[in-house]
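# Structural overview for review
So you can see what is in the structure, the chains are spelled out below.
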Amino acid sequence: MADLNPTAKRIHQISPDPVELTLDDGTTAIFHISGAEFFQQEFQAEGVCEDDDADYRFITSTDNESVLVGRKGVNESAWTMIGTIVEVNRDRL
């Protein structure tokens, strides 16, 4: 079996504590992740960002090379892919 995605593993290890995530567009925010789990190699989780009221989903890409981030705002009916995670850190309280 191939290795688990290292970004997903780091998120899984830190949650449910707050996680600082940096996306490929340079955006950095603090997320509270829930339901982080692996299904074989595939990772999925849900969460909220401290800076807005939207819901977020985190999943590994089909090639398992990256973790994708989806966002659904309070008044939105569909998910929008907003980027990929490039860095994961423990929140520095």
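This text gives an overview of the structure that appears in the document. (Residues numbered from 1 in each chain as written. Predicted model: local features only at pLDDT ≥ 70, side-chain atom pairs only at ≥ 80, totals over all residues. Heavy atoms only, no water.)

## Concerning the nonpolar core
Of all hydrophobic cores here, the largest spans 20 residues; its most connected members are Leu21, Phe31, Ile33, Phe58 and Ile85. Mapped by element, the contributors of at least two residues to this core are α1 (6–14), β1 (19–23), β2 (28–39), β3 (42–49), β4 (55–60), β5 (67–72) and β6 (80–90). (Core = buried A, V, L, I, M, F, W, Y, C linked by side-chain atoms within 4.5 Å. Buried < 20%, exposed > 50% of the residue type's maximum accessible area, 1.4 Å probe, protein only. Helix = DSSP H or I, 4+ residues; strand = E, 2+ residues; numbered from the N terminus.)

## Observations regarding the environment of Thr22
Position of Thr22 among the secondary structure elements: in strand β1. Spatially, the C-alpha atoms of Thr22 and Thr80 are 17 Å apart, while their sequence positions differ by 58 residues. In this structure, Thr22 is in contact with Thr27, Thr28, Thr84, Ile85, Val86 and Glu87, ignoring residues within four places of it in sequence. (Contact = heavy atoms within 4.5 Å.)

## A short note on the pairing of β1
Across the five residues of β1, five count as buried, placing the element largely inside the fold. Burial along β1 is two-sided: Val19, Leu21 and Leu23 facing one way and Glu20 and Thr22 facing the other are all buried. Two elements, β1 and β2, share four bridges in a ladder whose sense is antiparallel. Within the sheet, the bridge partner assigned to Leu21 lies in β2 and is Ala29. (Pairing = 2+ DSSP bridges.)

## A look at the packing of aromatic side chains
Applying the stated criterion to the full structure yields three aromatic pairs. Geometrically, the ring pair formed by Phe31 and Tyr56 is edge-to-face, given 5.0 Å between the ring centres and 80° between the ring planes. Residue Phe31 is found in strand β2, and its partner Tyr56 is found in strand β4; the two are separated by 25 residues along the sequence. Residue classification places Tyr56 among the buried residues on the basis of a relative accessible area of 4%. Among the aromatic side chains, those forming a connected cluster through ring pairs are Phe31, Tyr56 and Phe58. (Phe/Tyr/Trp six-rings, centres within 6.5 Å; stacked < 30°, edge-to-face > 60°.)

## Here we look at the sheet that holds β2
Hydrogen bonds between backbone groups are what pair the strands of a sheet, and the pairing can be parallel or antiparallel. With antiparallel pairing, the six strands of this closed barrel are ordered in space as β1-β2-β3-β4-β5-β6. Averaged over neighbouring strand pairs, the angle between their axes works out to 45° when direction is ignored. Direction of pairing for β4 relative to β5: antiparallel, over a ladder of six bridges. Across the sheet, residue Asp55 finds its bridge partner in β5, namely Lys72. (Axes fitted to C-alpha atoms, helices over the stretch in contact; angles between N-to-C directions.)

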